[in-house]
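Structural description and commentary
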Amino acid sequence: MKKSDSTHAKKLILKLLQEKPRGTRETLTHIAKQVIAQKKTLLALAQKQESPFYLIDEKHLQSDIQTFTKSFDAHLPGHEAYYAVKANYHPFILKKMVSEGLGLDVSSERELKLALAAGAKKILFSGPGKCEKELRLALEHADILTINMDSFEELHRLGKLTNQTKTHIRAGIRFFSSVHGAWSKFGIPLNQLKKFWTTTEKYPYIHLEGLHFHISLNLRSEKYSQVLRELAIYLEKSFPKNLREKIKFIDIGGGYYPDNVEGFYPWSDHYPWTLSGGHIKKLAHEYYGEKVIFKDKYFITRAEPQEEMAKKIGQTIEKHLKKLVNCIYYTEPGRILVNNSTYIIGTVMDVKDKVIITDIGINATGWEFGQHFYMPIINLTHPDTKEKEMRIYGSLCTPRDFWGYYIFAKKIQTGDTIVIPNQGAYKFTLAQTFIKEIPPTVII
Ligand SMILES: Cc1ncc(COP(=O)(O)O)c(C=O)c1O
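Since this is a predicted model, take the numbers as computed values, not measurements. (Residues numbered from 1 in each chain as written. Predicted model: local features only at pLDDT ≥ 70, side-chain atom pairs only at ≥ 80, totals over all residues.)

So, on to the overall build of the protein chain. Each helix and strand in the protein chain was counted, giving 15 helices and 20 strands. Relative to the compact-globule value of 22 Å for 444 residues, the protein chain shows a C-alpha radius of gyration of 24 Å, a close match. Principal axes of the C-alpha set define a box for the protein chain whose edges measure 70 × 60 × 40 Å. With 444 residues in all, the protein chain has 42% of them scored as buried. In the protein chain, the proportion of contacts linking residues at least 24 apart, taken out of those at least 6 apart, comes to 77%. (Helix = DSSP H or I, 4+ residues; strand = E, 2+ residues; numbered from the N terminus. Rg over C-alpha atoms; globule rule 2.2 N^0.38 Å. Buried ≥ 20, exposed ≤ 12 C-beta atoms within 10 Å, placed from the backbone. Contact = placed C-beta atoms within 7 Å.)

Written out as structure tokens, the structure reads:
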């Protein structure tokens, strides 16, 4: 770590201010057009339904699931997808995943119970700090469940339990590599895999069969490929052939980001959790009581198409791992499967100069996404493919209840129906009863 004197700090701040945003200067007019094309159906629904509500479009959901499974089935040997329940636990969504042949990836007792209620036929239990109660429930369902262990401590905890209950259980071990950054909270270092594997042999009921890693929020395939290359180097150098033959699966986790459906503002932080140059600029202006004006309104987040991502990951496996391990590959997609098929629909309650008050509180999405993420908002009653600059709020008693700065609308009047598309991932899951109830869900 470098000690920062003020000259060095100033140099770094200047460099940060000059950094180019990591998005493209496009628009999301195509999303507005998609929503406007459904105007008749959506307005008819809004007439019948108490406002606001989430809307899940089943056909859209199905098509997104199939796009993913087709892409990854084509390129990853023996591919099996396990939907990450944390992205959206709605029972309809879980049942849909099961009926489409996916397994479910759970991270708690609560999620495990939801997965069982949805009739899951294959379950992965991943996540750090699993408690005894959770492990016991997992063991009760050992016929359909694999535990992705997170540490040596967890191995001993599970080993003690399986010795007591004499339950055989399939397991994997999560590891992190040099590219894991914030995600090295999870799992064990890559170079301890051999030690972990041999330690597990002390526990006769734990059948260690796989390796697991996960990194969130990937716009491209590079990180998956980097981890797989590092894994291959380690397996070749430090993991004996007789142990390699015991590896039945490699689980490459989730993290596949949807393309071209949302964006961010010039001041938004780079996900995850690093401040952007724009943020520093805004902070400085506002600290001194000035309004900051940016040249660009927003940037659009572009991601590699799924087929391309799967192909590149498949090529890495073919080149580096196939000669070392003869196994199948799991994925744990969450966001990419459920994001785009859910809309939030509500009503304009008030229009004040440049301010719109809707009845959709951000308690429906849990966090203050609107401050940082550019999400297209469409006025279905008076739609347009061009945006008006307005500030769009919800009706919670806090200025943080904010949705965005732009709305696709010809005009805006009280009673108009507002649609915010692409709200299916990590929104319903984070929803809370702050001031208002969590809105109901309608399925079409
Ligand atoms: C272990 C694990 N698998 C899968 C996922 C799903 O990630 P995503 O929704 O970004 O695909 C997560 C999300 O944090 C995770 O922690």
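Burial analysis of strand S6 (residues 169–176) places six of its eight residues in the buried class, which makes it a mostly covered element. Sheet topology places strand S5 (residues 145–149) next to S6; four bridges connect them, and they run parallel. Residue pairing in the sheet places Met149 in a bridge with Ile173 of S6. As a crossover connection, the stretch from S5 through helix H8 (residues 152–165) into S6 is right-handed. The pairing of S6 with strand S7 (residues 188–189) spans two bridges and is classified as parallel. Considered in S7, the bridge of Phe175 is made with Ile188. (Pairing = 2+ DSSP bridges. Right-handed = clockwise from strand over helix to strand, strands pointing away.)

Ser51 connects to Pro52 through a cis peptide bond whose omega is -5°. Structurally, Pro52 can be placed in the loop between helix H3 (39–48) and strand S1 (53–56). Located in the positive-phi region is Lys166, a residue other than glycine, with phi close to 55°. Structurally, Lys166 can be placed in the loop between H8 and S6. We classify Lys166 as exposed; it has 9 C-beta atoms within 10 Å.

Function cannot be inferred from these measures alone, as they are strictly geometric.
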